[in-house]
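Commentary on secondary and tertiary structure
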2 protein chains.
Amino acid sequence: MTNSDISTAASVSAGTPALLEAYSGRRPERLPVWFMRQAGRSLPEYKEVRAGTEMLDACLTPELAAEITCQPVRRHGVDAAILFSDIVVPLRLAGIDVEIVPGVGPVIADPVRTPADVARLTAHEPGDHAPIAAAVRAVTDELGTGDGPGDTPLIGFGGAPFTLAAYLVEGRPSRDHLAARALMHADPAAWDRLLTWTADLTGAFLAAQVDAGVRAVQLFDSWAGSLSVDDYTARAAPYSARALDHVADRVPRVSFGTGTSELLTVMAGHAEVVGVDHRLRLDVANERLGGEVPLQGNIDPALLTAPWEVLERHVRAVVEAGRAAPGHVVNLGHGVPPTTDPAVLTRIVELVHSL
Amino acid sequence: MTNSDISTAASVSAGTPALLEAYSGRRPERLPVWFMRQAGRSLPEYKEVRAGTEMLDACLTPELAAEITCQPVRRHGVDAAILFSDIVVPLRLAGIDVEIVPGVGPVIADPVRTPADVARLTAHEPGDHAPIAAAVRAVTDELGTGDGPGDTPLIGFGGAPFTLAAYLVEGRPSRDHLAARALMHADPAAWDRLLTWTADLTGAFLAAQVDAGVRAVQLFDSWAGSLSVDDYTARAAPYSARALDHVADRVPRVSFGTGTSELLTVMAGHAEVVGVDHRLRLDVANERLGGEVPLQGNIDPALLTAPWEVLERHVRAVVEAGRAAPGHVVNLGHGVPPTTDPAVLTRIVELVHSL
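Described below are features of the structure shown in this document. (Residues numbered from 1 in each chain as written. Chains lettered and ligands numbered in written order. Predicted model: local features only at pLDDT ≥ 70, side-chain atom pairs only at ≥ 80, totals over all residues. Heavy atoms only, no water.)

1. Comments concerning the environment of Asp187 of chain A
Structurally, Asp187 of chain A can be placed in the loop between helix H10 (178–186) and helix H11 (188–212). With 133 residues separating them along the chain, Asp187 of chain A and Glu320 of chain A place their C-alpha atoms 46 Å apart. (Helix = DSSP H or I, 4+ residues; strand = E, 2+ residues; numbered from the N terminus.)

See the structure below:
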């Protein structure tokens, strides 16, 4: 599905939510805004409902995941919900021993380092997506299906194959992903098997969400920025494309990573929308993309704790820089830091909607 | 001092070490090579002499620092030594409570968050550089002054003001340096005071090394890649320039950071040589720099554990890509990982010298 196909589709009405208009490369009356990690750590109501439940258990408890997903929509009036999930949820569903250790991040019990490890891992089939589908349905029960002007569309969540593979190989978050990048070059065949598997795992996870009613999907490739453009193009992006192929022609697809200023055109090869982090101005990103790709981003999360006048100036500059793009969904350049005052996010939504 | 000044200086003889030839924008017969963090964790002889001594104490014990500095020259036959040190050594010398916690990195007892913190910190004067000067002299006693063909020049070490400030503000290594980047925008005056202080601290540290006999200096801005080009240009690079001004016209100056592909031309504004990490091909970097700046880099550290034929192909590609630049010093794109087999580094040196 190309953007022009979406633009001319008869099903698009004037009542389409602003998010989907912008993802389709149009300029809705209201500039849409949401925040990566809006469902989570910055909200007191989140801390309250999450208390006593481990992260991955919360993601897999449909009513809890749905409640958490809806909280920022109620509080901030953002233009989209994003399913409360984690990049490693599909691993847990597939029966891989993984847990999220507070203060550390995802920890894999048996890291994948050798061809034998890859063979052992890739014997796992994607698991039962019933709890994910149930969470999606519970969200759309509250927020609407995304077809009417009063609806708040729900975005599906998936981890990109490279970033997922990097967790599997490193066994935990790392700074340079050396072990993963070493495997990529040392054993291209094992790398291909591993990435094909993570691509189809994430692809099935996204397809289950689309089946259940999400109106867009976003692929999170948090660590793509550690790759050269050659490595990303040859050994990561093809698997992102494979993952997103599972939902092609069904919903708009967003590809996001950090430190990806050199990779944007490659990312646009597998997604209708490209997310940009705080490092690159949106007008420059738009120019690199030939002015043909709707953009999402890119308020610097570091400025969320700055005085309001500093933050306001920055948000206005982001909106201004985004005007050149064929569509713009305002977002942060990365996730909401846990220390963020939620009132600041609400104020940003009000500001963006006034512009 | 511009590169052409160095090139035409009467003091440059055919016997000048290859490193200094390349840093001066020429093409010596032998392609010079050294490795960031070559003095350290990958060497058994390093582990032996370091046993029982804390990192910062080792840096400040002249005979030990000199021994560690010389070890990789003896073992690998690299074309340069770099003073064994750490970005926070000048903080310790200035009386700031800092220690390097194994497995964590530098930890600052009292992080700098407020204007009052900045005032308290910047009241500290640079400390006594005698142990640094003694280490430099001990190294040049063994390796020569860098004036003859048999000498191995010693490179001075310094942390860039931004990265040093980021440690001071965060209190420890962090992923996104949010607190530092927040202060940068929230209180530009406090930021300016802090960065002016870190610049002069590093500048004095570098000048002490040049006084004692180093023949080049390298400024390590490990975290510059977290900044947009606008922020780097306005709020980080001017302080790198200020730090390096302390040794201007005395030795060639290398500016290095990771994830800096968008920042190279700004970096070239304050240094004669630019270091490039593994993310950007050297021919592309050279093009962005107008073909006028000697480059250093950029073997991907991830490939050090790959089979030799994979690594060899990569090293040859790096050398090939670097041929366009007016000078090229082969190096890694980042520091030697602790798990590296030192025999691999020796083999790279032999390969590079054969090309």
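2. A look at the pattern of salt bridges
Per the counting criterion, the structure on display carries 36 salt bridges over all chains. Asp283 of chain A is the partner of Arg281 of chain A in a salt bridge, and the nearest nitrogen-oxygen pair spans 3.0 Å. Classification of Arg281 of chain A as partly exposed rests on a relative accessible area of 42%. Close ionic contact of Arg279 of chain B with Asp277 of chain B constitutes a salt bridge, the shortest N to O distance being 2.4 Å. Arg279 of chain B gets classed as partly exposed once you look at its relative accessible area, which sits at 21%. If you follow the salt bridges from partner to partner, you end up with Glu67, Arg74 and Glu142 of chain A in one network. (Salt bridge = Lys/Arg side-chain N within 4 Å of Asp/Glu carboxyl O. Buried < 20%, exposed > 50% of the residue type's maximum accessible area, 1.4 Å probe, protein only.)

3. Digging into unusual backbone geometry
Here the bond from Gly297 of chain A into Asn298 of chain A is cis, since omega is -15 degrees, no more than 30 degrees from zero. Mapped onto the fold, Asn298 of chain A is located in strand S8 (residues 295–299). Although it is not a glycine, Arg37 of chain B sits at a positive phi angle of roughly 65 degrees. Within the fold, Arg37 of chain B resides in the loop between helix H2 (18–23) and helix H3 (44–50). Although it is not a glycine, Asp249 of chain B adopts a positive phi angle of roughly 65 degrees. Within the secondary structure layout, Asp249 of chain B lies in the loop between helix H13 (237–245) and strand S6 (253–257). Residue class for Asp249 of chain B comes out exposed when judged on its relative accessible area of 53%.

4. A few points about the side chain of His328 of chain A
As for its position among the elements, His328 of chain A is in strand S9 (residues 328–332). Those residues within four positions of His328 of chain A in sequence are excluded, and the remaining contacts are Ala22, Arg27, Leu31, Pro32, Leu282, Leu295, Gly297, Val318, Val319 and Gly322 of chain A. (Contact = heavy atoms within 4.5 Å.)

5. Topic: the pairing of strand S3 (residues 105–108) of chain B
Residue and element names in this part refer to chain B. For strand S2 (residues 98–101) and S3, the ladder comprises four bridges, and the chain directions are antiparallel. Looking at the pairing, Glu99 lines up with Val107 of S3. Linking S2 to S3, which pair antiparallel, is a turn of three residues; within it Gly103 sits at a positive phi near 85 degrees. (Pairing = 2+ DSSP bridges.)

6. So, a negative patch on the surface
Together, Glu54, Asp97, Glu99 and Asp110 of chain A give the surface a local cluster of negative charge. According to the relative accessible area criterion, Glu99 of chain A is partly exposed, its value standing at 41%. (Patch = residues over 30% accessible without salt bridge, like charges linked within 9 Å, V, L, I, M, F, W, Y side chains within 5 Å. Areas by Shrake-Rupley, 256 points an atom, 1.4 Å probe, with all protein chains shown as cover. Lys, Arg positive; Asp, Glu negative; His and termini not counted. Charge placed at Lys NZ, Arg CZ, Asp CG, Glu CD.)

7. Examining the sheet that holds strand S4 (residues 154–159) of chain B
Within the open sheet, the seven strands sit side by side as S1-S4-S5-S6-S7-S8-S9 (chain B). Their pairing is parallel. Bordering the open sheet on either side are strand S1 (81–82) and strand S9 (328–332) of chain B, each of which pairs with just one other strand.

8. Some details on the interface of chain B and chain A
Contacts between the two partners involve 34 residues from chain B and, on the opposite side, 34 residues from chain A. In total, about 2400 Å² of surface goes out of reach between chain B and chain A, with carbon and sulfur atoms giving 46% of it. Area buried by chain B at its contact with chain A is led by Arg175, Glu262 and Arg279 of chain B, which between them contribute 21% of it. Taken together, the connections running from chain B to chain A amount to six salt bridges. The element contributing the most residues to the side of chain B that touches chain A is helix H10 (residues 178–186) of chain B, with five residues. Taken together, the residues of the side of chain B that touches chain A break down into 14 nonpolar, 10 polar and 10 charged. (Buried area = accessible area lost by both parts, 1.4 Å probe. Nonpolar A, V, L, I, M, F, W, Y, C, P; charged D, E, K, R; others polar.)

9. Some details on the sheet that holds strand S6 (residues 253–257) of chain A
Residues and elements named next belong to chain A. The seven strands are arranged S1-S4-S5-S6-S7-S8-S9 in an open sheet whose pairing can be described as parallel. In this open sheet, the two strands that pair with only one neighbour each are strand S1 (81–82) and S9. Looking at chain direction, S6 and strand S7 (residues 273–275) are connected through three bridges and run parallel. The residue bridging Ser255 from the neighbouring strand is Val274, located in S7.

10. Some remarks on the packing of helix H8 (residues 130–143) of chain B against helix H11 (residues 188–212) of chain B
Two numbers describe a pair of packed helices, the interaxial angle and the distance between the axes. Residue and element names in this part refer to chain B. Their axes nearest at 8 Å, the elements H8 and H11 cross at an angle of 35 degrees. When you trace H8 past H11, the crossing you get is right-handed. Note on element contacts: H11 touches H8 through Phe205, Gln209 and Ala212, opposite Ile132, Ala133, Val136 and Arg137. A per-class count over the contact of H8 with H11 returns five nonpolar, one polar and one charged. (Axes fitted to C-alpha atoms, helices over the stretch in contact; angles between N-to-C directions. Left-handed = near helix turned anticlockwise from the far one by under 90°.)

11. Quick notes on the packing of aromatic side chains
All names here are of chain A. For the structure on display, the rule yields 10 aromatic pairs over all chains. With centroids separated by 4.7 Å and ring planes inclined at 25 degrees, the aromatic side chains of Phe157 and Phe220 adopt a geometry described as stacked. Here Phe157, found in strand S4 (residues 154–159), pairs with Phe220, found in strand S5 (residues 216–221); they are 63 residues apart in sequence, far enough to count as distant. On the accessibility criterion, Phe157 (12% relative accessible area) is buried. Following the ring pairs from residue to residue traces out a cluster consisting of Phe157, Phe220 and Phe256. (Phe/Tyr/Trp six-rings, centres within 6.5 Å; stacked < 30°, edge-to-face > 60°.)

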